[in-house]
Amino acid sequence: MANPAYTDDGELLDGGFDMSTGGICGVIEDVLDAVDCDAGVNVEVRIPAFAAYKLIGLVKGFLPRGSEEGEEDEKTRKKREKMEK
């Protein structure tokens, strides 16, 4: 294991954890590297894509939808007229 590094004031700079020992240390190092690499992707792709998705939903809420029932057949028309009386 690596030794910890301290400043002249005695403040800890580096805990001295040796990531080259393999096992779980290697897995942790791989995860940390993956998180580091994906940070740019989060800012450049994922966040604007999510914002666009939310804005499209917002805009769709303000657009007119038109008639949802469509053409009314004879039987339905007669039933509606009877209910209106």
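Just so it is clear, the structure is predicted and the values come from calculations on it, not from any experiment.

### Examining the overall build of the protein chain
- Regarding its fold elements, the protein chain presents 2 helices and 2 strands.
- Helices and strands in the protein chain line up, N terminus first, as β-β-α-α.
- For the protein chain, with 85 residues in total, the buried portion stands at 4%.
- As displayed, the protein chain has an accessible area near 7,900 Å², and 58% of this comes from carbon and sulfur atoms.

### Some points on the confidence of the model for the protein chain
- The predicted model of the protein chain has a mean per-residue pLDDT of 75, with 67% of residues at 70 or higher.
- Averaged pLDDT values for the elements of the protein chain fall to 74 in helix α1 (residues 24-62) and rise to 86 in helix α2 (residues 74-84).

### Some thoughts on a nonpolar patch on the surface
- Together, Leu55, Leu58 and Phe62 give the surface a local cluster of nonpolar side chains, amounting to about 370 Å² of exposed area.
- By relative accessible area, which is 52% here, Leu55 ends up exposed.

### Notes on the packing of aromatic side chains
- Enumeration according to the criterion identifies 1 aromatic pair in this entry.
- Summarising the aromatic geometry, the rings of Phe50 and Tyr53 are spaced 6.4 Å apart at their centres and angled 35° between planes, so their arrangement reads as tilted. One end of the pair is Phe50 and the other is Tyr53, both in helix α1 and 3 residues apart, which spans about a single turn.

### Focus: the pattern of salt bridges
- Using the criterion set out here, one finds 3 salt bridges in the structure.
- Arg80 is the salt-bridge partner of Glu84, the closest N and O atoms lying 3.1 Å from each other. Residue Glu84 and its partner Arg80 are both found in helix α2; the two are separated by 4 residues, about one turn of the helix.
- On the basis of relative accessibility, which here comes to 58%, the residue Glu84 falls in the exposed class.
- Taken together, the salt bridges that share partners define one network made up of Glu74, Arg77 and Glu81.

Calculation rules
Residues numbered from 1 in each chain as written. Predicted model: local features only at pLDDT ≥ 70, side-chain atom pairs only at ≥ 80, totals over all residues. Heavy atoms only, no water. Helix = DSSP H or I, 4+ residues; strand = E, 2+ residues; numbered from the N terminus. Buried < 20%, exposed > 50% of the residue type's maximum accessible area, 1.4 Å probe, protein only. Areas by Shrake-Rupley, 256 points an atom, 1.4 Å probe, with all protein chains shown as cover. pLDDT = per-residue confidence, 0-100. Patch = residues over 30% accessible without salt bridge, like charges linked within 9 Å, V, L, I, M, F, W, Y side chains within 5 Å. Salt bridge = Lys/Arg side-chain N within 4 Å of Asp/Glu carboxyl O. Phe/Tyr/Trp six-rings, centres within 6.5 Å; stacked < 30°, edge-to-face > 60°.

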